[in-house]
Amino acid sequence: MKVSNTGGTAMQEKPIKQNHNLILENRKSLSISGITDVDSFDEKEISLYTQLGELKIQGRELHIDAMSVETGDMTITGDIWALIYGDRDKKGPISALGRLFR
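Procedures and definitions
Residues numbered from 1 in each chain as written. Predicted model: local features only at pLDDT ≥ 70, side-chain atom pairs only at ≥ 80, totals over all residues. Heavy atoms only, no water. Pairing = 2+ DSSP bridges. Helix = DSSP H or I, 4+ residues; strand = E, 2+ residues; numbered from the N terminus. Axes fitted to C-alpha atoms, helices over the stretch in contact; angles between N-to-C directions. Salt bridge = Lys/Arg side-chain N within 4 Å of Asp/Glu carboxyl O. Buried < 20%, exposed > 50% of the residue type's maximum accessible area, 1.4 Å probe, protein only.

In a beta sheet, neighbouring strands pair by backbone hydrogen bonds and run either parallel or antiparallel. If you trace the six strands from one edge of the open sheet to the other, you get β3-β4-β8-β7-β6-β5, paired in antiparallel fashion. Here the strands that pair on one side only, and so sit at the sheet edges, are β3 (21–25) and β5 (35–41). Recorded for the sheet is a direction-independent mean angle of 45° between the axes of neighbouring strands. In terms of strand pairing, strand β4 (residues 29–33) meets strand β8 (residues 73–85) through four bridges, oriented antiparallel. Bridge assignment links isoleucine 32 to a residue of β8, and that residue is methionine 74.

Right, dumping it as structure tokens:
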């Protein structure tokens, strides 16, 4: 939580919590919300961080079709084989790749 001091009174800014959802259609199209950072990606694996921790998407011919930095939404197409969640508390450092998406 950030605390800023303006005019002698302390104001608290609450972090904005965003929902994390997945919609997988026919194992070919995946829509994700609540993304906070993208760690790495190639045609076989996309590694990213969500509001609920790390997530790896594995498959073949994976492609990031769209990503919104403002909303944290992403659309992925390809042959999706696995969605693997990692540590819930690991939100991930901001990588160089992640900074490009900010």
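What follows is about the pattern of salt bridges. In the structure shown here, the tally under the stated rule is three salt bridges. Of the charged contacts in the structure, one is a salt bridge between glutamate 45 and lysine 56, with a shortest N-O distance of 3.8 Å. Of the two residues, glutamate 45 is situated in strand β6 (residues 45–50) and lysine 56 in strand β7 (residues 53–68); the sequence distance between them amounts to 11 residues. Of the charged contacts in the structure, one is a salt bridge between arginine 60 and aspartate 79, with a shortest N-O distance of 2.8 Å. With arginine 60 in strand β7 and aspartate 79 in strand β8, this residue pair connects regions lying 19 residues apart in the sequence. Residue class for aspartate 79 comes out buried when judged on its relative accessible area of 15%. Taken together, the shared-partner salt bridges in this structure form one network comprising Lys28, Arg60 and Asp79.

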